[in-house]
Amino acid sequence: MKRLAVLGHPVAHSRSPAMQEAALDAVGLGGEWSYEAIDVDPGDFEARVRAMPGEGFVGANVTVPHKGAALSVADVLSETAREIGAANALSFEAGEIRADNTDAPGFLEALPGPVAGRRALVLGAGGAGRAIVWALAREGAEVEVWNRTELRAAHLCEELGGRSVTDPDPAAYELLVNTTAVGLRGEDPFAELPLRAADLAPSQTVVDMVYGAEPTRLLAAAEAAGATTVDGIELLVRQGARSFRIWTGREAPLDAMRSAARV
Ligand code: NAP
């Protein structure tokens, strides 16, 4: 049995096991490969990862709070992981640990079209914000970054590109991306973030990385305004599909992954 896992803390809520198991079944690898969730305390992360190849693991996704530690434990880093400073996919091969970041290319794949020359506002400067700003800047978008803690946005832009802003006009952007945790526990995005529902328009694409059982308030408002929307589940599916390809060498069955992730 070839084993895969997602490592996080907490991790019980993760949709990755159901989504990846569905993908393995859909391509006929269900009997030979498995995918599980493993809760790892930050202090135990390195030892846990180093033990995995000996336990039959060929790869792992890494989620909060281990995405930085996943870089430190790796022998080989993809260019994307190194530049972003975080990894969400590890693979174990020939005695080596390789770290990739599939969040950034997965995000670009989920967008409805190219972003070169488009004006984008990224809300948030945490781990998710870093991957998104890196991806947009690299593709030639005009990126501006707002964060509740201003200094964090300024540092992120110095490092990865984009321009930090403190009082953005949300109507001025073609792409709005919420990478903050606002909405995760039902917070009002129009109270916590520099957004007004009335400014959302059909010409805009609105992406919310937060996901739950119901559409977030931000995406519900964006949809009502006629904007194009991309939700956090689609981003989860896209990063998972790229991880799946790295480990198995197979094209990922996106529809099977979407159905399993949305249950
Ligand atoms: P993180 O590193 O802890 O960063 C949290 C961000 O949220 C920071 O920018 C923080 O601002 C901001 N924030 C938190 N509460 C806020 C509030 N009340 N008002 C304004 N800003 C607030 O977390 P992360 O790893 O970037 O994750 C952020 C979100 O993205 C989470 O909901 C996570 O589940 C989601 N996510 C989704 C995917 C996916 O595949 N769909 C992947 C990764 C992450 P400060 O700097 O001011 O604290």
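Right above here is the structure, for reference.
No experiment lies behind these values; they were computed from the predicted model shown. (Residues numbered from 1 in each chain as written. Predicted model: local features only at pLDDT ≥ 70, side-chain atom pairs only at ≥ 80, totals over all residues. Heavy atoms only, no water.)

Caption draft 1: Looking closely at the pattern of salt bridges. Here the structure, examined in full by the defined rule, presents 21 salt bridges. The residue Arg196 makes a salt bridge to Asp199 at a minimum N-O spacing of 2.5 Å. Here the salt bridges share partners, and the residues they tie into one network are Glu109, Glu234, Arg238, Arg242, Asp255 and Arg258. (Salt bridge = Lys/Arg side-chain N within 4 Å of Asp/Glu carboxyl O.)

Caption draft 2: View of the packing of aromatic side chains. Here the structure, examined in full by the defined rule, presents 1 aromatic pair. Geometrically, the ring pair formed by Tyr35 and Trp247 is tilted, given 6.2 Å between the ring centres and 50° between the ring planes. Here Trp247 lies in helix 10 (residues 232–248) and Tyr35 lies in strand 2 (residues 33–39), a separation of 212 residues in the sequence. Of note, Arg119 hangs over the ring of Tyr173, and the distance from its end group to the ring centre comes to 4.8 Å. (Phe/Tyr/Trp six-rings, centres within 6.5 Å; stacked < 30°, edge-to-face > 60°. Helix = DSSP H or I, 4+ residues; strand = E, 2+ residues; numbered from the N terminus. Lys NZ or Arg CZ within 6 Å of the ring centre and 35° of its normal.)

Caption draft 3: Expanded view of the site of the ligand. Near the ligand lie 23 residues; those nearest to it are Ala128, Asn147, Arg148, Thr149 and Arg152. Between an oxygen atom of the ligand and a side-chain N or O atom of Thr149, the distance comes to 2.5 Å. Relative to its unbound accessible surface of 920 Å², the ligand loses 78% to contact with the protein. Elements represented by at least two residues in the shell around the ligand include exactly helix 6 (127–138) and helix 10. The element best represented in the shell around the ligand is helix 10, accounting for 3 residues. (Near = heavy atom within 4 Å. Polar contact = N/O pair within 3.5 Å; in protein donor to acceptor, adjacent residues only side chain to side chain. Areas by Shrake-Rupley, 256 points an atom, 1.4 Å probe, with all protein chains shown as cover.)

Caption draft 4: Local environment of the pairing of strand 1 (residues 2–8). Extensive coverage of strand 1 is indicated by the burial of 5 of its 7 residues. One crossover worth recording links strand 1 to the parallel strand 2 by way of helix 1 (residues 16–26), and it is right-handed. Where strand 1 meets strand 3 (residues 57–62), 5 bridges bridge the pair, whose relative direction is parallel. What sits directly across from Leu7, in strand 3, is Val62. (Buried < 20%, exposed > 50% of the residue type's maximum accessible area, 1.4 Å probe, protein only. Right-handed = clockwise from strand over helix to strand, strands pointing away. Pairing = 2+ DSSP bridges.)

Remember, this is a structural readout, not a statement about activity or role.
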